[in-house]
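What follows is each chain in one-letter form.
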Amino acid sequence: MSLSFRRYVPASIIASVVSLIPVVAHANAELTQADAVPQLRAVRIPDAGTPPTLDGRVTEEIWSTVAPHSTFTQTDPIEGAPASERTEVRVLFDKTTLYIGVICFDSEPSKIVVSQNRRDADLSETDAIILVLDTFNDHQNAFVFGTNAIGILYDGQVAAEGLTSGISSNVSGGGGSQRGTISSFNPNWDGDWRVKASITERGWEAELAIPFKTLRYATGSDKVWGFNVKRNIRRKNEQVYLAPVQRGFDIYRISSAAKLTGLDLQPRHDLKVTPYVLGSVNKDYTVATNQVASRWNPFGGDRNVGLDVKWGVRPNLTADFTVNTDFAQVEADEEQVNLTRFDLFFPEKRPFFLENASVFQFGAPQQVDLFFSRRIGLSATGSSGLPIDIDGGGRLSGKIGSYNVGLLTMQTESATDATTGKLITEANNFGVVRVQREVGRSNFGVIFVNRQGTGAYAGANDYNRAYGVDANLQVSRNAKLFLYAAGTTSPTEKGGSDHSERVFYNFANNVWQVTGGYSRVGDNFNPEVGYLPRRGYWRPEWRVFFQPQPKRWPWIRRISPHTSYNAYVGLDDNQVQSSMAHFHFFEIDPAQGGRFGTFVDRNSDRPVAPFTVFNAGGQKVVIPPGDYTWYQISNEYLSDPSAVISTTLRWRHGGFYDGDFDAYETQLNWRAGQRFLGSAGWTRQNIDLRYGAFHTDLVPMKVSYAFTTLANLQALVQYNNQSSLLTTNIRLALLNRSGTGVFVVYNDRRDTYDRDPYTTLGRSFIVKYTRLVDF
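Novice: Can you help me understand the overall build of the protein in this one?
Specialist: The helix and strand tally for the protein stands at 3 helices and 47 strands. Scored against the burial criterion, the 775 residues of the protein give a buried share of 54%. Across the protein, contacts joining residues at least 24 apart in sequence account for 60% of those joining residues at least 6 apart. Element-wise, carbon and sulfur atoms account for 56% of the exposed surface of the protein, whose accessible area totals about 32,600 Å².

Novice: Just to check I follow, could you spell out the side chain of D134 for this structure?
Specialist: Relative to the helices and strands, D134 resides in strand β6 (residues 128-134). Buried within the structure, D134 lacks any salt-bridge partner; K259 is the closest side chain of opposite charge, at an N-O distance of 5.1 Å. There is a polar contact of 3.1 Å between the side chain of D134 and the backbone nitrogen of D138. A distance of 2.9 Å separates a polar atom in the side chain of D134 from the backbone nitrogen of H139. When sequence neighbours within four positions are dropped, the list of residues in contact with D134 reads H139, Q140, N141, A142, W225, G226 and I254.

Novice: Where do I start with the pairing of strand β17 (residues 305-314) in this structure?
Specialist: Here strand β15 (residues 271-284) pairs with β17 via 7 bridges, running antiparallel. By the bridge assignment for β17, P275 is matched with L307. Inspection of the sheet shows β17 paired to strand β18 (residues 317-325) by 7 bridges, in the antiparallel sense. When the bridges of β18 are listed, W311 appears paired with A319. Following β17, the chain reverses through 2 residues before pairing antiparallel with β18.

Novice: Honestly, the packing of aromatic side chains in this entry has me stumped. Any pointers?
Specialist: How two aromatic rings sit relative to each other is set out by the distance from centre to centre and by the angle between their planes. Summed over all chains, the structure comprises 28 aromatic pairs. Where F362 meets Y484, the ring centres are 5.6 Å apart and the plane angle is 55°; that geometry is what we call tilted. Highlighted residues: F362 in the loop between α3 (351-354) and β19 (363-364) and Y484 in strand β28 (residues 479-489), separated in sequence by 122 residues. Judged by relative accessible area, which is 7%, Y484 ranks as buried.

Novice: Quick question: what am I supposed to make of the nonpolar core here?
Specialist: Considering soluble globular proteins, one finds that nonpolar side chains tend to be buried as a cluster. Within the largest apolar cluster, 40 residues are counted, with the highest numbers of intra-cluster contacts made by I100, F145, W225 and F227. At the level of secondary structure, the elements contributing two or more residues to this core comprise β4 (87-93), β5 (97-105), β6, β7 (142-148), β10 (194-200), β11 (203-211), β12 (220-233) and β14 (258-265). Ignoring sequence-local partners within four residues, the contact set of F145 consists of I129, I130, L131, L133, Y154, D155, W189, W193, L208, I210 and L215. Residues F362, V368, F371 and I390 belong to the second largest nonpolar core, which totals 27 residues.

Novice: Mind showing me how you'd approach the sheet that holds β4 here?
Specialist: Two pairing modes exist for strands in a sheet, parallel and antiparallel, and in both the strands are linked by backbone hydrogen bonds. Pairing within the open sheet is mixed, and its 5 strands lie in the order β2-β4-β5-β11-β10. Pairing within the sheet leaves two strands with one partner each, and these edge strands are β2 (43-44) and β10. Strand direction decides the pairing type here: β4 and β5, joined by 7 bridges, are antiparallel. Paired with R90 across the bridge in β5 is G101.

Novice: Got a minute to help me understand a nonpolar patch on the surface in this structure?
Specialist: Side chains of L271, W311, V313, F321, V773 and F775 sit close together on the surface and give an oily, nonpolar patch of about 520 Å² of accessible area. Here F775 lies in the segment after β47 (773-774). Given a relative accessible area of 54%, F775 falls into the exposed group.

Novice: Even after reading the chapter, I still don't get the environment of D122, so can you show me in this structure?
Specialist: Within the secondary structure, D122 sits in the loop between β5 and β6. C-alpha of D122 to C-alpha of Y154: the two residues are 32 residues apart in sequence and 8.4 Å apart in space. Separated by 2.8 Å, the side chains of D122 and S124 make a polar contact.

Novice: What should I look at first to understand the confidence of the model for the protein in this one?
Specialist: Fine structural detail should not be taken from predicted coordinates in areas where pLDDT scores are low. Here the protein averages 86 in pLDDT, and 88% of its residues register 70 or above. Here residues 167-183 is a poorly scored stretch, pLDDT under 50, and it has 46 contacts once near neighbours within four places are set aside; other chains count. Within the model, the stretch residues 288-302 combines pLDDT values under 50 with 26 contacts to residues more than four positions away or in other chains.

Novice: Help me understand the pattern of salt bridges in this model?
Specialist: Where charged atoms from two side chains of opposite charge come close, those side chains can pair. Under the criterion given, the structure shown has 47 salt bridges. Residue D190 is joined to R119 by a salt bridge in which the shortest nitrogen-to-oxygen separation is 3.5 Å. Of this pair, D190 sits in the loop between β9 (185-186) and β10 while R119 sits in the loop between β5 and β6, and the two are 71 residues apart along the sequence. Classification of D190 by relative accessible area gives partly exposed; the value is 28%.

Novice: What is the right way to look at unusual backbone geometry in this model?
Specialist: Glycine aside, the phi torsion of most residues is negative, and most peptide linkages are trans. At the junction of D76 and P77, the peptide bond is cis and its omega measures out at 5° in the coordinates. Along the polypeptide, P77 turns up in the loop between β3 (73-76) and β4. Of note, the phi angle at N137 is positive, near 50°, even though the residue is not glycine. Within the secondary structure, N137 is located in the loop between β6 and β7. Phi is positive for Q366, close to 65°, though the residue is something other than glycine.

Novice: Quick question: what am I supposed to make of the side chain of E541 here?
Specialist: By the element assignment, E541 lies in strand β31 (residues 537-546). Apart from the residues lying within four places of it in its own chain, the contact partners of E541 are Q367, R502, F504, T515, G516, G517, Y565 and N566.

Novice: Can you help me understand the environment of T740 in this one?
Specialist: Locating T740 in the fold gives a position in the loop between β44 (725-735) and β45 (741-751). Since its relative accessible area comes to 7%, T740 is described here as buried. With 464 residues separating them in the primary sequence, T740 and Y276 have C-alpha atoms 9.3 Å apart. Once residues lying within four places of it in the same chain are set aside, the contact partners of T740 are T274, L734, L735, T770, R771 and L772.

Novice: Can you help me understand the pairing of β31 in this one?
Specialist: Side chains on a regular strand alternate between the two faces of the sheet. Going residue by residue along β31, you find Y537, R539, E541, R543 and F545 tucked away on one face and W538, P540, W542, V544 and F546 left uncovered on the opposite face. For strand β30 (residues 512-521) and β31, the ladder comprises 10 bridges, and the chain directions are antiparallel. Opposite S519, over in β31, you have R539 as the bridge partner. Direction of pairing for β31 relative to strand β33 (residues 562-570): antiparallel, over a ladder of 7 bridges. Directly across from W538, in β33, lies its bridge partner V569.

Reading guide: rules and limits
Residues numbered from 1 in each chain as written. Predicted model: local features only at pLDDT ≥ 70, side-chain atom pairs only at ≥ 80, totals over all residues. Heavy atoms only, no water. Helix = DSSP H or I, 4+ residues; strand = E, 2+ residues; numbered from the N terminus. Buried < 20%, exposed > 50% of the residue type's maximum accessible area, 1.4 Å probe, protein only. Contact = heavy atoms within 4.5 Å. Areas by Shrake-Rupley, 256 points an atom, 1.4 Å probe, with all protein chains shown as cover. Lys, Arg positive; Asp, Glu negative; His and termini not counted. Salt bridge = Lys/Arg side-chain N within 4 Å of Asp/Glu carboxyl O. Polar contact = N/O pair within 3.5 Å; in protein donor to acceptor, adjacent residues only side chain to side chain. Pairing = 2+ DSSP bridges. Phe/Tyr/Trp six-rings, centres within 6.5 Å; stacked < 30°, edge-to-face > 60°. Core = buried A, V, L, I, M, F, W, Y, C linked by side-chain atoms within 4.5 Å. Patch = residues over 30% accessible without salt bridge, like charges linked within 9 Å, V, L, I, M, F, W, Y side chains within 5 Å. pLDDT = per-residue confidence, 0-100.

Listed below in structure tokens is the structure:
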């Protein structure tokens, strides 16, 4: 590995990165010392005392022993102004648990907005609080906890202040590829903690109890944590913070957090065991035998019994083990329409891989990912992959001094096609080693990723390795520079070795967001355990986002014109392979929420070989090689998403390669009280090319009913005419602790090509029970 690494990552680059460490350390120290932040003191409950009983009312006598912090500052709508409603925060702790009491005073309690009643539901369109705990006081990483006025559980993890070297569209209220911010927030981590909340005569109140076992931290006396609280007063669309956060950022701006002092943290014993038992009936109508495969036999060894173990090696280091890993309860992928010549990106949803996922991030998200966990246990067959059995694996993650460490190993079985008996993939062992050194608000890291074929089907040269160095440099208070250099090694018949590099700059303040970068991917760069939709290019990119807040028109929260550009340029001929320029002439965010605007896209593509853009319903449309350029104009309107009924409308018109393009998108969202949420959408794309006309239809329908904050029923029905599929996923979750409990799942797939009647391709009915046992 070292020879290949030195060959493709020059020593001068490594030396330059290492030489930056003392310079960056000095600069980051100055940035950190320049901030004056609020101070709170946690009060220890006496050994003979009684901790608060969680009932959603901060009225017990023990709370009165804590001086509340009540100075909150607006970020929106008026940055720097005092909060319009009073908020009080108190913190207690004992040997085992951290207790946080929050009183959200409200002058009109009857107008408190409650739009969610399910664990980890979006809190941006409801009255809510979100708090962060920077348990290592490193100004970068934190645990996130939140709730609303009826006490749902919302939690996650944030790394590197929510910043990575790529633009994410998965932000609250966002939509479309042009929206979003750079994000490294993982909302899929499920901690073991409790909360109770209620609407009272003085507003609404919440009590949180977070066991220290749920967190990672350094032990000792009078420890200091970073701590911040965000309150969303939804009817006013007002966001306020305990420690002020500059507009353009969010609660994940950990370096702006207050300081929580007075914590005495002792060593602990931490062992959590989560066994599961699963029974299912599956029928695949595409298999010639048409046999029903039953797995309801707890002792048969047919992947129906498994175990996850979490061991707190130290309070700052956690080991996870999994045996006979199963993800039957995971929500289904959402269908997508693909009109490009490259693979689509489907996000990871499996809990084992999502926890501490930010530790293993390397590269440019959704462009060059050196490690993409969906390569483990999912085949490349189909749009989103077919399950492959995982025998087991382990992970070690945490913090040792100023180093973030992550080690992962997983073993999968071989898989064959149920109809033809053809081998889909051999058994594989996957390994990842990731180390990052934090220096102030910057970090420097290395990664190594390995796939090794195992078992009877694996050949002697069945391997793939990827490795790299990276640095995320905080060059000023509001600017960050991201760099990486990476290489891959494969057998000669798979391309041998090659490399990739990237430099990316991000600046953001309360008015501007400016990003720009350059990346390069070699012709034979091949991270098989990563995500790489294309190779053999260099890529310039930039984006400018201007978001002033006009005071002349009070009905407007923000005006956000922006523009961006990126291109893929061939390494061999230096010709533009494809490009996209985006011009958002105006985008207006009304004061109550939502947005509307108009934008123009200029696209170009130069395929060197024919590719199929549509193949369904007996119709196949192929785009020949050529040099194509086209323009599209779009209008969009999104109403206030906190309303009982909200809608999204988009219209797009223009060209597509050498033809015409029209697209219409509509989505209706509605809620009934605090329990029922529903949405229905339809996207139609009409495309008329010289070599064929076709249309695509994508119809998603979602329904969610929450019996309690821990018990809910969800249904997702999707129709996609491009894949000729009608799919149904119904999921009943009766949760207990930390995302464990009873899951009942029904899946149905139908081929819509025959239309009358639709041909059933497969069905499954699954019952899974998991339980968390604490030692």
